[in-house]
Amino acid sequence: MRLIVRNFEDDPTLQDLLSVDQLERLNRTLSSLCQAPVTIAEQKTTGAIPVEFNLETVAWLSGGHSPEERSAASELVSFLMMFVAKYRLAANLHHDTTEASYAELQRQNDALKTSEARYRALSDQLQQKVDEQVSVIQQTQQELYESARLRSVGQLAAGVAHEINNPIGFISSNLRVARDYIDDLKDSLPATPDHEELFRDFHDLLSESMDGTRRIASIVADLKTFSSIDQADYTMCNLNDLLRSSSHLVQTEHGHQLDIIERLNELPPVAGHPSRLSQTFFNLLNNAAQALSDKDFGDRKGRILMQTQMGTDSIQVIVQDNGCGIPDDCRARVFDAFYTTRPVGSGTGLGLTVARDTAHAHGGDLTINSRQGAGTRVTLTLPIKAR
Amino acid sequence: MPDYQAHDNKLTLKVVFYGPALSGKTTNLMQLHSLLNPERKGELMVLETRDDRTLFFDMLPIGLRGTSGLDLRLKLYTVPGQVQHDSTRKAVLSRADGIVFVADSQPSQQDNNAMAFGNLEENLEKVGLDIDTLPMVVQFNKRDLPGVVEELELQQRWTSTPWAPLMMASALQGNGVIESFRALLDRLYIAISDEFALEHRHGIFRHTFIDGLSACHEADRAKL
Ligand SMILES: Nc1nc2c(ncn2[C@@H]2O[C@H](COP(=O)(O)OP(=O)(O)OP(=O)(O)O)[C@@H](O)[C@H]2O)c(=O)[nH]1
Ligand SMILES: [Mg+2]
């Protein structure tokens with residue numbers, strides 16, 4: 001509305017009402033009606049009288065035979081002007097309203113477009129959220145599956161370890177007896193160089209085999225500690241022992257290539273759930289090992305520090321690595337259930353969440369300090385409960 | 001808003017008769033045209049109608065001159081009351097200086113009155129006018145009909161609005177039309193006289209303004 005310069009209600013000028021041709025024709029016909037020619041013009045000339053229409057002088061009329069003739073002609077023109085003006089007014093109003101309606105329509109259309117764009121953006125955001133959630137669910141499924149598998153494999157291993165214990169026991173003692181027999185046999189045979197050679201070799205073979213059975217026995221012991229197969233749910237635990245066996249198993253996982261520094265100080269026994277604590281230590285150490293194996297970790301020598309220390313009313317277990325660290329934007333999310341920076345399949349996304357839950361279940365806490373590219377230190381604090 | 005053109009010392013004011021369809025806006029204007037005898041009076045322009053119902057608008061220009069030679073004009077417009085002509089109503093309403101709201105007194109028309117009043121509020125806002133400061137008179141028309149809503153009831157209903165007291169009229173019989181118009185002129189004068197120094201610069205006093213613009217033919221005056 002505001003844009004229209006001339007309002008429909010503005011008083012019309014002669015030009016607004018009649019075209020040049022129409023004015024000429026009006027002059028001609030009026031003149032032929034009058035005894036002397038008359039002229040209607042926008043500008044006043046001498047002797048001209050006003051042609052009034054709606055309180056407005058729209059034109060000046062001059063000529064004519066007498067003042068009476070002039071005023072009669074002027075009267076007639078005013079009369080005609082009313083109809084012309086009515087038409088003009090209606091047409092102008094129509095133009096104004098059409099323009100206003102169109103502007104309004106355009107405004108509505110723009111508003112519609114804006115809101116449509118807003119909804120599209122919203123729907124895109126929603127889709128993105130859905131995609132994110134779907135991928136979280138997929139990952140969760142994967143990790144739940146993996147953790148369940150890990151648990152059953154662990155149970156199986158513990159069962160097997162238990163079964164192996166007996167045969168390993170008698171194999172080991174039989175080997176020892178067999179070696180003694182070899183020594184006895186050696187004395188009852190002639191001492192030729194061939195015999196000497198044969199006996200030494202035989203002796204070594206048996207020694208190596210005995211060494212092998214000792215190693216098997218120690219792995220079995222670690223497995224038993226780790227899965228605490230023969231422990232009640234809550235017992236007094238030796239954290240250092242649990243840490244050591246977890247560390248051995250992690251070493252086994254990583255082909256004994258890890259440089260794990262142990263700084264285990266003497267600790268009082270802690271009331272806890274040994275297999276959950278072992279699982280936690282395993283996770284923390286395994287995370288550290290993976291941080292070291294990360295591709296973008298430079299050629300710095302990777303090390304893992306495994307430390308325990310006693311405070312006034314709590315025990316701290318620290319697992320620290322000088323690996324890739326946790327990127328800043330991930331740090332706030334490291335405890336999000338199932339969150340992992342490693343691609344799905346490499347597992348242990350549950351590690352930190354499970355570790356923290358375990359800490360909480362034991363009345364303790366888990367904190368993480370990490371700098372990208374410099375390493376990560378995880379501190380597990382457990383209270384020493386008064387017994 | 002008043003349109004003052006300094007170069008020809010001309011001030012044009014716009015009064016709009018608003019209201020629901022068939023309430024008697026056109027009849028009000030026709031009565032004013034025949035009753036009024038102000039200093040200056042133009043033609044009543046009744047634009048297109050269909051079945052006597054306004055399609056565009058009606059317009060009557062009247063005027064008077066101030067002692068300064070001020071050419072003061074009042075253009076009286078009616079809007080089409082029918083719902084579907086809202087954009088025309090808005091165009092006619094724009095830049096109004098005063099409103100006469102013509103309501104229908106028949107009980108069956110009270111909803112339509114309310115809707116038309118709501119529409120007026122809405123359109124005033126759209127054309128940038130403020131209903132609380134705009135001079136306005138509310139007229140209840142068709143008092144001659146039997147069974148109309150009691151005046152007392154109407155007056156009480158409107159008593160706490162800025163538009164009390166209401167004007168009662170029978171436009172068909174010519175009653176209350178001039179009175180409604182004079183009430184509007186009064187409010188209009190109060191609203192604009194200072195801005196245009198009507199009294200000091202142009203010698204147009206409140207009574208000059210009201211009496212001058214609502215002057216009636218002697219014969220009709222006798223009737224009133
Ligand atoms: N009885 C009675 N009838 C009236 C009165 N005023 C108007 N009418 C009648 O009501 C009908 C409508 O009157 P209009 O003046 O054309 O109404 P309007 O408000 O201009 O209507 P729109 O142009 O459609 O908005 C006509 O038949 C009038 O004769 C009145 O005071 N009393
Ligand atoms: Mg009408």
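Data block above holds the structure.
Visitor: An account of the overall build of chain A is requested, with residue identities and associated values reported.
Guide: A tally of helices and strands in chain A yields 8 helices and 10 strands. Across the 387 residues of chain A, 38% fall into the buried class. For chain A, the proportion of contacts with a sequence separation of at least 24, taken over those separated by at least 6, is 65%. Carbon together with sulfur atoms contributes 54% to the accessible area of chain A, which is approximately 23,300 Å² in total.

Visitor: Talk me through the coordination of the magnesium ion (ligand 2); I want residue IDs and the actual numbers.
Guide: All names here are of chain B. Looking at the magnesium ion (ligand 2), the protein donor atoms are Thr26 (OG1) and Thr54 (OG1), and they sit 2.0 Å from it. Here the residue threonine 26 occupies a position in helix H1 (residues 25-35), and threonine 54 occupies one in strand E6 (residues 53-54), the gap between them amounting to 28 residues. Residue classification places threonine 26 among the buried residues on the basis of a relative accessible area of 18%. Classification of threonine 54 as buried rests on a relative accessible area of 8%.

Visitor: Quick rundown of the pairing of strand E9 (residues 365-371) of chain A? Include the residues and the values.
Guide: Residues and elements named next belong to chain A. Residues Leu366, Ile368 and Ser370 point to one face of E9 and are all buried, whereas Asp365, Thr367, Asn369 and Arg371, pointing to the other face, are not buried. As defined by bridge partners, E9 adjoins strand E10 (residues 375-383) across 7 bridges and the pair is classed as antiparallel. Bridged to aspartate 365 within E10 is threonine 381. Between E9 and E10, which pair antiparallel and follow one another directly, the connecting turn spans 3 residues, one of which, glycine 373, has a positive phi of 85 degrees.

Visitor: Tell me what's going on with unusual backbone geometry, and back it up with residues and numbers.
Guide: With an omega of -5 degrees, the peptide bond between Ala164(B) and Pro165(B) qualifies as cis. Its location among the elements puts Pro165(B) in the loop between helix H4 (151-158) and strand E11 (167-168). With phi around 55 degrees, His256(A) is a residue other than glycine that occupies positive phi space. For His256(A), the location among the structural elements is in the loop between helix H5 (239-253) and strand E5 (260-264). Positive phi is not limited to glycine here, since Leu22(B) has a value of about 65 degrees. Among the structural elements, Leu22(B) can be located in the loop between strand E2 (10-18) and H1. On the accessibility criterion, Leu22(B) (54% relative accessible area) is exposed.

Visitor: Give a description of H5(A) that names residues and reports values.
Guide: Residues and elements named next belong to chain A. Here H5 contains 15 residues, and its C-alpha end-to-end distance of 21 Å stays within 8% of the 21 Å for a straight helix at 1.5 Å per residue. Burial in H5 covers these residues: Leu239, Asn240, Leu242, Leu243, Ser245, Ser246, Ser247, Leu249, Val250 and Gln251. The N-cap residue of H5 is asparagine 238: its side-chain oxygen and the backbone nitrogen of asparagine 240 are 3.0 Å apart. Where H5 ends, the next residue or the one after it, glycine 255, has phi of about 60 degrees, a positive value.

Visitor: A description of a nonpolar patch on the surface should follow, citing residues and the corresponding values.
Guide: Residues and elements named next belong to chain A. On the surface, a cluster of nonpolar side chains totalling about 510 Å² of accessible area is made up of Leu33, Leu76, Phe79, Leu80 and Phe83. Top element by residues in the nonpolar patch is helix H3 (residues 67-187). It accounts for 4 residues. Looking at the secondary structure, you find phenylalanine 79 in helix H3.

Visitor: Could you give an account of the packing of H5(A) against helix H6 (residues 274-293) of chain A, naming the residues involved and the relevant values?
Guide: Residues and elements named next belong to chain A. It is the contact of H5 with H6, at a shortest axis distance of 9 Å, that shows an interaxial angle of 45 degrees. In terms of their interaxial angle, H5 and H6 are classed as oblique. Considering only the axes of H5 and H6, their crossing is right-handed. Contacts from Leu239, Leu242, Leu243, Ser246, Ser247, Leu249, Val250 and Glu253 in H5 reach Pro274, Leu277, Ser278, Phe281, Phe282, Leu285, Asn286 and Ala289 in H6. Looking at the contact of H5 with H6 residue by residue, the classes come out as 11 nonpolar, 4 polar and 1 charged.

Visitor: Explain the site of ligand 1 residue by residue, including any values.
Guide: Residue and element names in this part refer to chain B. Surveying the vicinity of ligand 1 reveals 19 residues, the closest of which are Lys25, Thr27, Thr54, Gly81 and Asp144. Here an oxygen atom of ligand 1 and a side-chain polar atom of threonine 27 are 2.5 Å apart. Between ligand 1 and threonine 54, the relevant distance is 2.8 Å, taken from an oxygen atom to a side-chain nitrogen or oxygen of the residue. Notes on ligand 1: free accessible area 640 Å², of which the protein chains cover 83%. Listing elements by their share of the shell around ligand 1, those giving two or more residues are H1 and E6. Looking at the shell around ligand 1 element by element, the count peaks at 3 residues for H1. For the shell around ligand 1, the per-class residue count stands at 6 nonpolar, 8 polar and 5 charged.

Visitor: For the sheet that holds strand E2 (residues 49-53) of chain A, give the residues involved together with the corresponding values.
Guide: Residues and elements named next belong to chain A. With respect to topology, 3 strands assemble into an open sheet ordered E1-E3-E2, the strand pairing being antiparallel. On the outer flanks of this sheet lie strand E1 (38-41) and E2, each paired with one strand and no other. Between one strand axis and the next, the sheet turns by 30 degrees as a mean value, whatever way the strands run. Across 5 bridges, the pairing between E2 and strand E3 (residues 56-63) is antiparallel.

Visitor: Please provide a residue-by-residue account of the interface of chain B and chain A, values included.
Guide: Listed by partner, the interface residues are 26 residues for chain B and 20 residues for chain A. Between chain B and chain A lies a buried interface of about 2,000 Å² when both sides are counted; carbon and sulfur atoms form 59% of it. As a salt-bridge pair, Asp11(A) and Arg73(B) come within 3.4 Å of each other at their nearest N and O atoms. The tally of links between chain B and chain A comes to 9 residue pairs in polar contact (both at pLDDT 80 or more). At the level of elements, E2, strand E3 (40-41), strand E4 (45-46), strand E7 (58-65), strand E8 (71-78) and helix H2 (86-93) of chain B are the ones that each hand at least two residues to the side of chain B that touches chain A. Across the side of chain B that touches chain A, the residue classes tally to 12 nonpolar, 6 polar and 8 charged.

Criteria and thresholds
Residues numbered from 1 in each chain as written. Chains lettered and ligands numbered in written order. Predicted model: local features only at pLDDT ≥ 70, side-chain atom pairs only at ≥ 80, totals over all residues. Heavy atoms only, no water. Helix = DSSP H or I, 4+ residues; strand = E, 2+ residues; numbered from the N terminus. Buried < 20%, exposed > 50% of the residue type's maximum accessible area, 1.4 Å probe, protein only. Contact = heavy atoms within 4.5 Å. Areas by Shrake-Rupley, 256 points an atom, 1.4 Å probe, with all protein chains shown as cover. Donors = N, O, S within 2.8 Å, 3.2 Å for Na, K, Ca; no water. Pairing = 2+ DSSP bridges. Expected span 1.5 Å × (residues − 1). Polar contact = N/O pair within 3.5 Å; in protein donor to acceptor, adjacent residues only side chain to side chain. Patch = residues over 30% accessible without salt bridge, like charges linked within 9 Å, V, L, I, M, F, W, Y side chains within 5 Å. Salt bridge = Lys/Arg side-chain N within 4 Å of Asp/Glu carboxyl O. Axes fitted to C-alpha atoms, helices over the stretch in contact; angles between N-to-C directions. Parallel < 35°, antiparallel > 145°, perpendicular 65-115°, else oblique. Left-handed = near helix turned anticlockwise from the far one by under 90°. Nonpolar A, V, L, I, M, F, W, Y, C, P; charged D, E, K, R; others polar. Near = heavy atom within 4 Å. Buried area = accessible area lost by both parts, 1.4 Å probe.

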